[in-house]
Amino acid sequence: MSADCGSCLAKYILCLFNFVLFLLGGVVLGVGVWYAADSASIVKLVHTIENTQGQKLPDLTASAYILIAAGAFVFVISFLGYCGAVRESRCLLTTYGILLVLILILEVAAGVIAAAYKDQATTETKGLLKATIQKNYTINENDSVTFVWNHLMAQLRCCGVDNYRDFGEAEQWKGYTQKVVPEACCMLQDPVQDLKPVSSSCVYNPTEGNSYMMKGCYQALGDWVNKHINIVIGVGVGLGLVQLFAIFLAFCLVKSINGYFK
């Protein structure tokens, strides 16, 4: 390839960018595989770091497979970009660029569809979230779904998807306890450290004065997004621009290589 300044710059930026992503993807993939294969050692490590010996961490095996999928995806894409730039391979760079274009198109399409069918998307999303409570929320706080819901409600100060009534349909929770709402729906002494309610009677006799029983997490999450809308938009636009820049560099490099072989 001709050693013109623009081509060299595109090559080294692509190499650096994809090398960083390659390392990050590898780390995420490695952690996911480690957790899936030997979760006990991960739990022991977390206990050692946080000095929480004696506390049982939730079973988040499903999260391990999400990490594996996400890590592998980033790993493969960045591998194509890095190797394509280093080896000056038209095939690898073209594949890399096309994949980034497809990802960008899917992201834009998802946003357009969500905006065009906002009401339907809201209904479907709420239905999926309620199904996780109805089918998977349990009295076992170390269950992965229960753990996620409890911490989501504690941090957002909400209860259920729409309100506390969602837990009346929780098949693995309602029939095994006399509680009206989980502890996470109550006003907590320390939402970060534990799920200990300010009022001990809250779980049996919740009111709007001692709990967030009438505030659904779907609304709470929407309020959080609206409050931080500038950050959300900035992150979305930033990611889009980074992808466009990578696509531009990849195809510029392919064109430069084509010109050289001609």
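Residues numbered from 1 in each chain as written. Predicted model: local features only at pLDDT ≥ 70, side-chain atom pairs only at ≥ 80, totals over all residues. Heavy atoms only, no water.

Trainee: Help me out: how do you make sense of the UniProt feature "transmembrane region" (unreviewed entry) in the protein chain in this one?
Mentor: UniProt records the feature "transmembrane region" (unreviewed entry) for residues 12–37, 64–84, 96–117 and 231–254 in the present numbering. Here residues 96–117 runs as 95% helix and 0% strand, with 31 Å between its end C-alpha atoms. End C-alpha to end C-alpha, residues 231–254 measures 34 Å, and it is 100% helix and 0% strand. (UniProt positions renumbered as here; feature names shortened; annotations may be inferred. Helix = DSSP H or I, 4+ residues; strand = E, 2+ residues; numbered from the N terminus.)

Trainee: How do you make sense of the nonpolar core when you look at a structure like this?
Mentor: Side chains of nonpolar character tend, in soluble globular proteins, to be buried together. Ile133, Tyr137, Trp149, Met153 and Phe167 are the most contacted members of the largest nonpolar core, which has 24 residues in total. The set of elements that each furnish at least two residues to this core consists of helix H6 (144–156) and helix H7 (217–227). The greatest single-element share of this core, amounting to four residues, is contributed by H6. Discounting residues that sit within four places of it in the chain, tryptophan 149 has contacts with Leu129, Thr132, Ile133, Tyr137, Gly160, Val161 and Cys217. Counting 18 residues, the second-largest nonpolar core is a separate cluster that includes Ile77, Tyr96, Leu100 and Leu253. (Core = buried A, V, L, I, M, F, W, Y, C linked by side-chain atoms within 4.5 Å. Buried < 20%, exposed > 50% of the residue type's maximum accessible area, 1.4 Å probe, protein only. Contact = heavy atoms within 4.5 Å.)

Trainee: Just checking my understanding: could you explain the packing of helix H5 (residues 118–136) against H6 for this structure?
Mentor: How two helices pack is summed up by the angle between their axes together with the distance between the axes. Here H5 crosses H6 at 125 degrees, and the two axes come no closer than 10 Å. What the angle tells us is that H5 and H6 run oblique. Like other packed secondary-structure pairs, H5 and H6 cross with a definite hand, here left-handed. Here Leu129, Thr132, Ile133 and Asn136 of H5 lie close against H6, whose contacting residues are Val145, Thr146 and Trp149. (Axes fitted to C-alpha atoms, helices over the stretch in contact; angles between N-to-C directions. Parallel < 35°, antiparallel > 145°, perpendicular 65-115°, else oblique. Left-handed = near helix turned anticlockwise from the far one by under 90°.)

Trainee: Looking at this model, I keep getting lost on helix H4 (residues 90–116). Mind explaining?
Mentor: Structural remark: α-helix, 3.6 residues per turn; residues separated by three or four positions point the same way. A rise of 1.5 Å per residue sets the reference length of H4, with its 27 residues, at 39 Å; its end C-alpha atoms lie 38 Å apart and thus fit the reference within 8%. Taken as a whole, H4 has its buried residues at Leu93, Tyr96, Gly97, Leu100, Ile103 and Leu104. (Expected span 1.5 Å × (residues − 1).)

Trainee: I keep staring at unusual backbone geometry and nothing clicks. Help me out?
Mentor: With the exception of glycine, the majority of residues adopt a negative phi angle, and the majority of peptide bonds are in the trans configuration. With a phi angle near 55 degrees, glutamate 88 is a residue other than glycine that sits in the positive phi range. Tracing the backbone shows glutamate 88 in the loop between helix H3 (61–87) and H4. With phi around 55 degrees, arginine 157 is a residue other than glycine that occupies positive phi space. Here arginine 157 lies in the loop between H6 and H7.

Trainee: When you look at the packing of H6 against H7 in this model, what are you seeing that I'm missing?
Mentor: In contact at an axis separation of 10 Å, H6 and H7 are set at 55 degrees when each is read in the N-to-C sense. It follows from the interaxial angle that H6 and H7 lie oblique. For the pair H6 and H7, the crossing hand works out as left-handed. Judged by residue contacts, Trp149, Leu152, Met153 and Leu156 of H6 engage Cys217, Ala220 and Leu221 from H7. Of the residues in the contact of H6 with H7, the class split is seven nonpolar, no polar and no charged. (Nonpolar A, V, L, I, M, F, W, Y, C, P; charged D, E, K, R; others polar.)

Trainee: Would you mind going over the pattern of salt bridges with me for this structure?
Mentor: Side-chain pairs of opposite charge can arise where the charged atoms are in close proximity. Overall, the coordinates contain six salt bridges when judged by the stated rule. A salt bridge links lysine 11 to glutamate 88, with the nearest nitrogen and oxygen atoms 3.1 Å apart. With lysine 11 in helix H1 (residues 5–37) and glutamate 88 in the loop between H3 and H4, this residue pair connects regions lying 77 residues apart in the sequence. For lysine 11, a relative accessible area of 14% corresponds to the buried category. Glutamate 171 is the salt-bridge partner of lysine 135, the closest N and O atoms lying 3.2 Å from each other. Taken together, the residues lysine 135 in helix H5 and glutamate 171 in the loop between H6 and H7 connect sequence positions 36 residues apart. By relative accessible area, which is 49% here, glutamate 171 ends up partly exposed. (Salt bridge = Lys/Arg side-chain N within 4 Å of Asp/Glu carboxyl O.)

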